[in-house]
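One-letter residues, chain by chain:
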Amino acid sequence: MTQPVPSLPSLARALLSALAVTLTLALPVQARDLNEQTIRDFVDTLEAAESLEPELDTLSDEVLAERQAEQPDFSRVFSDLVASMRGDPLYDDLEDIAQDHGFTDLQAWAGTGDRIFRAWMAIELEQEAPTSDQEIAQALAEIENSPHMTEAQKAQMRAMMENAMSVMESARNAPPEDVAAVRPHMDLLREFSEAE
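Can you help me understand the nonpolar core in this one?
Within soluble globular proteins, side chains that are nonpolar tend to cluster in buried spots. In this structure, Phe42, Trp109, Ile116 and Val182 are the most contacted members of the largest nonpolar core, which totals 42 residues. At 14 residues, helix α6 (residues 106–145) tops the list of elements feeding residues into this core. Residue contacts for Val182: discarding those within four places in its chain leaves Leu34, Ile39, Ile116, Ala119, Trp120, Ile123 and Leu189.

Even after reading the chapter, I still don't get helix α5 (residues 89–100), so can you show me in this structure?
Note that an α-helix has 3.6 residues per turn; residues three or four places apart therefore point the same way. Taking 1.5 Å per residue, 12 residues should reach 16 Å; α5 reaches 17 Å between its end C-alpha atoms and fits that length. Within α5, the full set of buried residues consists of Leu90, Tyr91, Leu94, Glu95, Ile97 and Ala98. End-on, the buried residues of α5 take up no more than an arc of 160°, which puts them together on one face. The exposed set on the far side of α5, more than 90 degrees from its buried face, consists of Pro89 and Asp100. The opening residue of α5 is Asp88, an N-cap whose side-chain oxygen sits 2.7 Å from the backbone nitrogen of Leu90. Of the residues trailing α5, Gly102 is marked for its positive phi of about 95°.

Can you help me understand the pattern of salt bridges in this one?
Two side chains that carry opposite charge are able to pair once their charged atoms sit near each other. Counting across every chain of the model gives six salt bridges. One salt bridge in this structure joins Arg190 and Glu124, with 3.0 Å as the shortest N-O distance. Linking Arg190 in helix α9 (residues 186–195) with Glu124 in helix α6, this pair joins segments that are 66 residues apart in sequence. The exposure class assigned to Arg190 is partly exposed, which follows from its relative accessible area of 30%. A salt bridge links Glu144 to Arg158, with the nearest nitrogen and oxygen atoms 2.7 Å apart. Linking Glu144 in helix α6 with Arg158 in helix α7 (residues 151–172), this pair joins segments that are 14 residues apart in sequence.

What should I look at first to understand a negative patch on the surface in this one?
Together, Asp44, Glu47, Glu50, Glu53, Asp187, Glu191 and Glu194 make up a negatively charged patch on the protein surface. If you list the elements that add at least two residues to the negative patch, you get α2 (36–48) and α9. When residues in the negative patch are grouped by element, the largest group, three residues, is from α9. Counting through the fold element by element, Asp187 comes out in helix α9. Relative accessible area serves as the criterion here: at 61%, Asp187 is assigned to the exposed category.

Just checking my understanding: could you explain helix α4 (residues 77–85) for this structure?
Every buried residue of α4 is accounted for by Phe78, Ser79, Asp80, Val82 and Met85. Of the residues flanking the end of α4, it is Gly87, one or two places downstream, whose phi is positive at about 90°.

Looking at this structure, I do not really get the confidence of the model for the protein chain. What am I missing?
For residues with low pLDDT, the predicted coordinates do not support detailed interpretation. Per-residue confidence for the protein chain gives a mean pLDDT of 76, with 71% of residues at or over 70. Of all helices and strands in the protein chain, the one with the weakest mean pLDDT is helix α1 (residues 9–21) (42), whereas helix α8 (residues 176–182) scores best (93). Between residues 1–31, whose pLDDT stays under 50, and residues either more than four places distant or in other chains, the model counts 72 contacts.

Thresholds applied
Residues numbered from 1 in each chain as written. Predicted model: local features only at pLDDT ≥ 70, side-chain atom pairs only at ≥ 80, totals over all residues. Heavy atoms only, no water. Core = buried A, V, L, I, M, F, W, Y, C linked by side-chain atoms within 4.5 Å. Buried < 20%, exposed > 50% of the residue type's maximum accessible area, 1.4 Å probe, protein only. Helix = DSSP H or I, 4+ residues; strand = E, 2+ residues; numbered from the N terminus. Contact = heavy atoms within 4.5 Å. Expected span 1.5 Å × (residues − 1). Arc of directions from axis to C-beta. Polar contact = N/O pair within 3.5 Å; in protein donor to acceptor, adjacent residues only side chain to side chain. Salt bridge = Lys/Arg side-chain N within 4 Å of Asp/Glu carboxyl O. Patch = residues over 30% accessible without salt bridge, like charges linked within 9 Å, V, L, I, M, F, W, Y side chains within 5 Å. Areas by Shrake-Rupley, 256 points an atom, 1.4 Å probe, with all protein chains shown as cover. Lys, Arg positive; Asp, Glu negative; His and termini not counted. Charge placed at Lys NZ, Arg CZ, Asp CG, Glu CD. pLDDT = per-residue confidence, 0-100.

Structure follows, in structure tokens:
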């Protein structure tokens, strides 16, 4: 019988910090420039899509169940969700909403979302980066030194932390023009995120 993983406060903080950063790399498809209107259209699309929420929640649960064994790629949250929706009637419903808000198709919408949230996370990291890096380093040390974790548990935790660090590095490398476009709209994005 394996022992439960001990409570590691710094590990929990590091994972939460990492999860806060885990959204997004830009898609090569960049159909729309990131400007005030595009960012507002994206948020308006998310608000309009709330009518599809029960179906989206079910689909998200199914996708998570299918990928449970995989290390999630948080760099393409919107793109991966859209790709997983192909063939589902929900895809067409969401694409109609995206097109009603000026996006050419659902892939262009997802690519815009990836870019917005990558820039958003880059901005958030500007203030939290030193603390996040220190917490992750401390958590890795605690994992290595934990007598209560098996080697398999340690390897799993190391892989999660390495993925988080990779996502953080990706966010830090968001295109400067995307960061500049998103920066004035942080209050709008935070407000929507907190409402959700």
